[in-house]
Amino acid sequence: MEAVKKEEMLGTVVYNDKEGQAHEMLNLAFAIATGGDKSDIPLIDGKYVRTPYHKLTLENIEEYE
């Protein structure tokens, strides 16, 4: 992030979307605990959830600080 701020890099990828991961874990745990519908949860191989990567640039860096 410092290199992007100093404009030594044009951008990077933020891969640890802790909020997105927590959201998907909560949705999955709730569906399992209540016997609810899991069709809206983007499961991979029936058991994994992948959250998308986020591009970090000088224009959006404030969102990730």
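Residues numbered from 1 in each chain as written. Predicted model: local features only at pLDDT ≥ 70, side-chain atom pairs only at ≥ 80, totals over all residues. Heavy atoms only, no water.

*Asks:* How should I be thinking about the pattern of salt bridges in this particular structure?
*Replies:* Where side chains of opposite charge bring their charged atoms close, a pairing between them can arise. Applying the stated criterion to the full structure yields three salt bridges. A salt bridge links Glu 2 to Lys 5; the shortest N-O distance between them is 3.4 Å. Highlighted residues: Glu 2 and Lys 5, both in helix H1 (residues 2-5), separated by three residues, approximately one helical turn. A salt bridge links Glu 19 to Lys 18; its shortest N-O distance comes to 3.5 Å. Take Glu 19 and Lys 18: they sit in the same class, and that class is exposed. (Salt bridge = Lys/Arg side-chain N within 4 Å of Asp/Glu carboxyl O. Helix = DSSP H or I, 4+ residues; strand = E, 2+ residues; numbered from the N terminus. Buried < 20%, exposed > 50% of the residue type's maximum accessible area, 1.4 Å probe, protein only.)

*Asks:* Where do I start with the confidence of the model for the protein chain in this structure?
*Replies:* Low pLDDT marks stretches whose predicted atomic positions should not be read closely. Per-residue confidence for the protein chain gives a mean pLDDT of 88; residues scoring 70 or more make up 98%. The spread of mean pLDDT over the elements of the protein chain runs between strand E3 (residues 48-49), the lowest at 84, and H1, the highest at 93. (pLDDT = per-residue confidence, 0-100.)

*Asks:* I'm lost on helix H2 (residues 18-34) in this one. Help?
*Replies:* Structurally, the α-helix is built with 3.6 residues per turn, so residues lying three or four positions apart point the same way. Along its 17 residues, H2 runs 24 Å from first to last C-alpha, staying within 8% of the 24 Å computed at 1.5 Å per residue. Every buried residue of H2 is accounted for by Gly 20, Glu 24, Leu 28 and Ala 31. Considered in projection along H2, the buried side chains sweep an arc of 65 degrees and stay on one side of the axis. In this structure, H2 carries Lys 18, Glu 19, Met 25, Leu 26, Phe 30 and Ala 33 as exposed residues pointing more than 90 degrees from its buried face. At its buried positions, H2 is contacted by strand E2 (43-44) and E3. Looking one or two residues beyond H2, the residue adopting positive phi is Gly 35, at roughly 70 degrees. (Expected span 1.5 Å × (residues − 1). Arc of directions from axis to C-beta. Contact = heavy atoms within 4.5 Å.)

*Asks:* What is the right way to read unusual backbone geometry from this model?
*Replies:* Most peptide bonds adopt trans geometry, and most residues besides glycine take a negative phi value. Backbone geometry places Glu 7, a non-glycine residue, at a positive phi of 60 degrees. Structurally, Glu 7 is set in the loop between H1 and strand E1 (11-14). Unusually for a residue other than glycine, Asp 45 sits at a positive phi of about 55 degrees. Its place among the elements puts Asp 45 in the loop between E2 and E3. Asp 45 gets classed as exposed once you look at its relative accessible area, which sits at 66%.

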